[in-house]
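Residue-level structure breakdown
Each chain, written out:
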Amino acid sequence: MKKVTLCLLTVISSFMFVPKQSIAGTEPNPISTPLARSAESAKANFLVSRLFAIKTMDISNMGSSEKKELRKEVRGIKGQLKELGGGVYLSVGALIVIILLLILLA
């Protein structure tokens, strides 16, 4: 009985930690070439330099509409940088399952 309860709790807890990104519909990733990667890194460097330039600006003399435009630009740049960043994401549930498997198999 304890074994069944433990297995049931493990399954239920793994479904609780499913990230919403994995539920969302995904588009197939285009095949990237090394040339595309260098273009992406150049674009990322440009975006980072633009963010740094915006951060060093003196905004005390600007009007509210100019500040609002800058905020929109910063949000847009950060969104583009997230898209370019990529990365590997693991949910907490996946980490727990991996750790449990390592413990049980070792």
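Please read these numbers as outputs of a predicted model, since none were measured by experiment.

In terms of regular secondary structure, the protein is built from five helices and zero strands. Going from the N terminus to the C terminus, the protein shows its helices and strands as α-α-α-α-α. Going through the 106 residues of the protein one by one, you find that 8% of them count as buried. Counted over contacts in the protein with a minimum sequence separation of 6, partners at least 24 positions apart contribute 61%. Accessible area for the protein stands at about 9500 Å²; split by element, carbon and sulfur atoms hold 67% of it.

Here the focus is the nonpolar core. Counting six residues, the largest nonpolar core is built from Leu47, Leu51, Ile54, Leu70, Val74 and Ile77. Counting only elements with at least two residues in this core, the list comes to helix H3 (34-56) and helix H4 (64-85).

Next up on the list: the confidence of the model for the protein. For the protein, the mean per-residue pLDDT works out to 79, and 75% of the residues sit at or above 70. Of all the helices and strands in the protein, helix H2 (residues 20-23) carries the lowest mean pLDDT, 55, while H4 carries the highest, 89.

Attention now moves to the pattern of salt bridges. Counted under the stated rule, the structure contains one salt bridge. Glu73 is paired through a salt bridge with Arg50; the nearest N and O atoms lie 2.8 Å apart. Taken together, the residues span a long stretch of sequence, with Glu73 in helix H4 and Arg50 in helix H3 at a distance of 23 residues. We classify Glu73 as partly exposed; its relative accessible area is 30%.

A grouping of Leu90, Leu95, Ile98 and Leu102 is seen on the molecular surface, where their side chains present a nonpolar patch of about 380 Å² in accessible area. For Leu102, the position within the fold is in helix H5 (residues 92-105).

Quick look at the environment of Leu84 now. Within the secondary structure, Leu84 is located in helix H4. Since its relative accessible area comes to 29%, Leu84 is described here as partly exposed. The sequence separation of Leu84 and Ala44 amounts to 40 residues, and the corresponding C-alpha distance is 7.2 Å. Not counting residues within four places of it along the chain, the set of residues in contact with Leu84 comprises Glu40, Lys43, Ala44 and Leu47.

Right, let's talk about a positive patch on the surface for a bit. On the surface, a cluster of positive charge is made up of Lys68, Arg71, Lys72 and Arg75. Here Lys68 lies in helix H4.

Rules of the game
Residues numbered from 1 in each chain as written. Predicted model: local features only at pLDDT ≥ 70, side-chain atom pairs only at ≥ 80, totals over all residues. Heavy atoms only, no water. Helix = DSSP H or I, 4+ residues; strand = E, 2+ residues; numbered from the N terminus. Buried < 20%, exposed > 50% of the residue type's maximum accessible area, 1.4 Å probe, protein only. Contact = heavy atoms within 4.5 Å. Areas by Shrake-Rupley, 256 points an atom, 1.4 Å probe, with all protein chains shown as cover. Core = buried A, V, L, I, M, F, W, Y, C linked by side-chain atoms within 4.5 Å. pLDDT = per-residue confidence, 0-100. Salt bridge = Lys/Arg side-chain N within 4 Å of Asp/Glu carboxyl O. Patch = residues over 30% accessible without salt bridge, like charges linked within 9 Å, V, L, I, M, F, W, Y side chains within 5 Å. Lys, Arg positive; Asp, Glu negative; His and termini not counted. Charge placed at Lys NZ, Arg CZ, Asp CG, Glu CD.

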